[in-house]
Every structure is written in C-alpha cells, then in structure tokens.
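# Overview (structure and organization)
Single-letter residue listing:
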Amino acid sequence: MRMVDLIEKKRDGLELTTAEIQFIIKGYTDGSIPDYQMSALLMAIYFQGMSQTERADLTMAMVDSGDKIDLSNINGIKVDKHSTGGVGDTTTLVLGPLVASVGVPVAKMSGRGLSHTGGTIDKLESVAGFHVEVQNNEFIKLVNQNKVAVIGQSGNLTPADKKLYALRDVTGTVNSIPLIATSIMSKKIAAGADAIILDVKTGNGAFMKSIDDARELAKAMVSIGNNVGRKTIAIISDMSQPLGFAIGNALEVKEAIETLRGEGPADLTELCLTLGSHMVCLAQKASSLEEARKKLENAISSGSALEKMKIFLSSQGGDATVVDHVKKLPQAKYTFELEAKQSGYVSEIVADAVGHAAMLLGAGRATKESIIDLAVGLVLNKKIGDYVTKGDSLVTIYSNFEDVSEIKSQLDANIKISLNKVKSPKLIYEEIL
Ligand code: URA
Ligand code: CA
C-alpha cells in the first residue's frame, strides 16, 4: 500500500477500507508515514467527510495504536460519562458517588486538564490526603468493593490520537465532525468503557457553539459507539452560562458535596439526575429512566450518596471529614463581591469569559507547567433570569491576592442586566439515543 494512493482516493471522495485505515494509523503512529502526507489526508477528510464504516474503523485503529485498560475483572457493566467540556462543570464529582450508591460501577480514569479550572483529579486533591496514584489491581479491588474509584492517567492510551490532534491543531483540521468524534470515542473505548453517556455542551462556553453543530457531533459519536459494540447515548446540554454556581477546584468540591446532600444548584442537580439516570439504565440497574431517577433521588434524600462520597474519599487516602466540615477544604485569603451596577434581570453570563476570570485568579492552568491554586475561584450568586437590585452581589470572588480589579472588570463586561424580564435558558435540549 502507498499512502499517496490513499490520499488521492480520499481526495476523490471514495471510501477507504478497514485495511487501508489500519495501514494509515499504524504507519503514522510508528513514523513511517510523514506529517506532510498525513496533513494532506486530514485535509481531504475535512472536505470529503467519512462514512459510518470509516469512522468506526478509524476509531478502532486509534484504540489499537496503544495500551487499552482492561476492566474485565470489575463486576458489572462499566459506564463512562464524557463531557465535551464547559465552565464549572462539576458533574463528575457528583455522578461518581451518586450512581455508585445505587450499584453502578464507576472506574474513572481522569486527567488534570488545561482549562478554567483543573480537571477532576486536581479538584479531588483539594481534599487533604486524597491521591490517585493507585496500582491497577488495587484500583479494580476498590471499584469492586466501593463501586467507585478514580485513577490518574497511566499507560500510553491512543498515541495515534495524540499525534493526530497535534497535527490537526496546526493544519486547520480540528473542526471536522468525523475527526472530533473518532478522537473522543477512541479515548473512551481505550479507557475500558462498555457503555458511554456523552454530555455534549452547546453555547458560548462550549466547543460546539450552535445546537446544530452539537447535534451533529452527538449523532456522530452515538453512531460510532453503537457501531463498535459500545452502547452509547448523548444528551445536548446548555453551556451558555456556567453550570451550577461554583467555578474553582475546592469550591466545586464543596458544590458537589452540597449537591449530594440535596442542597445543590438546581441546574447541576437536574443535569446529574438526567445523566445519572442514563448511566443506571446503561448499567442495567433499572429498567426505565423513571425507575433510575427515583433510585438516585432516594440515594440523595436518604444520605447514601453522601455516605458513598465519604467512603470514596477515605479509601483513596482523603480526609472524609470534609464532607461534614467543608471549611476544612482549602480557603482563599480574601473574598470580594461584584456588585450589580443597576437593577433588572440577569440576561447574560458569558461562560467562557467568566471561566477565563477564574483562571486569572489561579484556578486553572494557563500552560502545562502552571501551578493551580485550589482555594480560589468564583461563586455566582445570580443566574440568567434572576432579578437583581442595584448593589446586590452578582459574584463572590475568592482570591489569594488583594487586587482583583482586572477580574472585576472582566466579569462586569460579561454579565449583562436587562430591564426586561428574561427567561432562564433551557438546560437539556435533546437526548440522542
Ligand atoms: N476533543 C478531543 O478529544 N478531540 C477532538 O478532536 C476535539 C476535542
Ligand atoms: Ca459548578
């Protein structure tokens, strides 16, 4: 096989075979196919697209390019949740203990993240003593025992995707639905998921700004999952404003604890119940979404979800007393209030700009080398549709430095107040089964 022939084939709109796709991914991973040829192929894919079969083949070729996590010694159906990323998305911290408390095994491999806040692991490390450096056999034992454990990224998963993503980044080919969908799905499958629930975000704080793009991506990923034997479901949820109130690491842990106690923000709670119900059904722990939801609501009201959080934290070395004493989480030195400059209805809270303000406080990494400050961040006191009186606090700023004027002006410019009544945005737009 010659790469040049395959580039021409795709350029002319023909379909690549399974063997051809395997040849390309193997050759690109081992370096025998150079970047310039791969770049040309990516651009051809960008314009010509890929068939369902090609997408499934590309996904599995990328899965096979590196290590695969073997979760077969964990009892039950392993369901993984993936979010395409948003601002203040605290769902993983809530969903792990929540669905585990009704018997769904959660074997989560997680990362640190280069975003407005750290990733799930950074957030969890705001609990003193908590660690994710767990041996593989210990990890499996923990999930069988407690139904939930989180491990740091280990092994060399989907090296083909890493190399391809870097190349796409500099060749104008990131924004291709088949390439995005195969990239995300290959990572989930390599991480050992039997079934997958996808939370595809849409809005200004999301990767997919429009609902049409979000739907297309969601459908593409659901098809790939189902075509490669992993039952996959997607929901499309709102990211036009941050999710919940808190954006920060320790602040989001506190928000997750409150949500598990039944005292969390309405939107975060609803999204967790929706995603969680699908997870319970995918794991075959309930026969309908209504039954699954009842189980989860019971787990919250009975305290068993909160109890599961304590077991989860303590079995990975964490100080579980933070659950009852959230003041033990890292605390910022200073708090400031961003006051409303006029009365009216909150009409806009630009998610990515607010996320950026949290990063400026130190809650997220600007570069891989940045050290994040677990204590700092933002807590929204109002959401879109709420009425505010001039002088009310819109946001509480948790900071370890005294001068937050830049943060305040950034927030000011991105939280709008209108004299007319504003409806709060829809949280869940669609479910794609
Ligand atoms: N996220 C991914 O993992 N891959 C993409 O291609 C885009 C977003
Ligand atoms: Ca949040």
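What you see is a predicted model, and the numbers here were worked out from it, not measured in a lab. (Residues numbered from 1 in each chain as written. Chains lettered and ligands numbered in written order. Predicted model: local features only at pLDDT ≥ 70, side-chain atom pairs only at ≥ 80, totals over all residues. Heavy atoms only, no water.)

### Observations regarding the overall build of the chain
The number of helices and strands found in the chain is 16 helices and 13 strands. Radius of gyration (C-alpha) of the chain: 22 Å, near the 22 Å computed for a compact globule of 433 residues. Out of the 433 residues in the chain, the part that is buried amounts to 56%. Long-range contacts, defined as pairs at least 24 residues apart, comprise 79% of the intrachain contacts of the chain with a sequence gap of at least 6. Here the chain has roughly 17,800 Å² of accessible surface; of this, 50% comes from carbon and sulfur atoms. With 47 positive and 52 negative side-chain charges, the chain shows a separation of 3 Å between the mean positions of the two kinds. (Helix = DSSP H or I, 4+ residues; strand = E, 2+ residues; numbered from the N terminus. Rg over C-alpha atoms; globule rule 2.2 N^0.38 Å. Buried < 20%, exposed > 50% of the residue type's maximum accessible area, 1.4 Å probe, protein only. Contact = heavy atoms within 4.5 Å. Areas by Shrake-Rupley, 256 points an atom, 1.4 Å probe, with all protein chains shown as cover. Lys, Arg positive; Asp, Glu negative; His and termini not counted. Charge placed at Lys NZ, Arg CZ, Asp CG, Glu CD.)

### Description of the packing of helix H5 (residues 91–100) against helix H14 (residues 304–315)
At a minimum axis separation of 8 Å, H5 and H14 run at an interaxial angle of 110 degrees. Relative to H14, the element H5 lies roughly perpendicular. Between H5, through Leu-93, Pro-97, Leu-98 and Ala-100, and H14, the contact on the second element is made entirely by Ala-305, Lys-308 and Met-309. When its residues are assigned to classes, the contact of H5 with H14 shows 6 nonpolar, no polar and 1 charged. (Axes fitted to C-alpha atoms, helices over the stretch in contact; angles between N-to-C directions. Parallel < 35°, antiparallel > 145°, perpendicular 65-115°, else oblique. Nonpolar A, V, L, I, M, F, W, Y, C, P; charged D, E, K, R; others polar.)

### Things to note about the nonpolar core
Leu-313, Leu-378, Leu-394 and Leu-411 are the most contacted members of the largest nonpolar core, which has 81 residues in total. The element best represented in this core is helix H12 (residues 266–282), accounting for 8 residues. Both of domain 2 (79–324) and domain 3 (330–418) provide at least three residues apiece to this core. Excluding its chain neighbours within four sequence positions, the residues that come into contact with Leu-394 are Leu-338, Glu-339, Ala-340, Val-346, Val-379, Leu-380, Asn-381, Lys-382, Val-388, Ile-415 and Ile-417. Counting 39 residues, the second largest nonpolar core, distinct from the first, contains Ile-74, Val-200, Met-208 and Ala-214. (Core = buried A, V, L, I, M, F, W, Y, C linked by side-chain atoms within 4.5 Å. Domains from an automatic or database assignment.)

### Observations regarding the side chain of Ser-393
Checked against the element boundaries, Ser-393 lands in strand E11 (residues 393–399). A polar contact is formed between the side chain of Ser-393 and the side chain of Glu-337, at a distance of 2.6 Å. Within the structure, Ser-393 has its side chain in polar contact with the backbone oxygen of Val-395 (distance 3.3 Å). Apart from the residues lying within four places of it in its own chain, the contact partners of Ser-393 are Glu-337, Leu-338, Glu-339, Asn-381 and Lys-382. (Polar contact = N/O pair within 3.5 Å; in protein donor to acceptor, adjacent residues only side chain to side chain.)

### Things to note about the coordination of the calcium ion (ligand 2)
Where a metal carries four tetrahedral donors, each ideal angle is 109.5 degrees; where it carries six octahedral donors, the ideal angles are 90 or 180 degrees. Taken together, the protein donors to the calcium ion (ligand 2) comprise Gly-88 (O), Thr-90 (OG1), Leu-243 (O), Ala-246 (O) and Glu-255 (OE), at separations of 2.3 to 2.8 Å. Mapped onto the sequence, the residues coordinating the calcium ion (ligand 2) show the spacing G-x1-T-x152-L-x2-A-x8-E. In this pair, Gly-88 is assigned in the loop between strand E1 (79–83) and H5 and Leu-243 in the loop between strand E5 (231–238) and strand E6 (246–248), connecting sequence segments 155 residues apart. Note on Leu-243: relative accessible area 2%, which makes it buried. (Donors = N, O, S within 2.8 Å, 3.2 Å for Na, K, Ca; no water.)

### Section: the site of ligand 1
In the vicinity of ligand 1, the residues found are Tyr-165, Arg-168, Ile-180, Ser-183, Ile-184, Lys-187 and Phe-207. Ser-183 places a side-chain nitrogen or oxygen 2.6 Å from a nitrogen atom of ligand 1. A distance of 2.6 Å separates an oxygen atom of ligand 1 from a polar side-chain atom of Lys-187. Counting residues per element, the ones that place at least two in the shell around ligand 1 are helix H8 (159–169) and helix H9 (177–190). The biggest single contributor to the shell around ligand 1 is H9, with 4 residues. In the shell around ligand 1, the residues fall into 4 nonpolar, 1 polar and 2 charged. (Near = heavy atom within 4 Å.)

### What to know about the pairing of strand E9 (residues 377–380)
Side chains of E9 alternate between two faces, with Gly-377 and Val-379 and Leu-378 and Leu-380 buried alike. Bridge analysis of E6 against E9 gives 3 bridges, and the strand direction is antiparallel. Residue pairing across strands places Gly-248 opposite Gly-377, the latter belonging to E9. (Pairing = 2+ DSSP bridges.)

### Examining helix H2 (residues 18–30)
Taking 1.5 Å as the rise per residue, H2 with 13 residues should run 18 Å; its terminal C-alpha atoms sit 18 Å apart, in good agreement. The set of residues buried in H2 consists of Glu-20, Ile-21, Ile-24, Ile-25, Gly-27 and Tyr-28. One side of H2 carries all its buried residues, which in axial view fall inside an arc of 165 degrees. Looking at the buried side of H2, the elements it contacts are helix H1 (3–11), helix H3 (35–48), helix H4 (52–63) and H8. Looking at the residues trailing H2, positive phi occurs at Gly-31, about 90 degrees. (Expected span 1.5 Å × (residues − 1). Arc of directions from axis to C-beta.)

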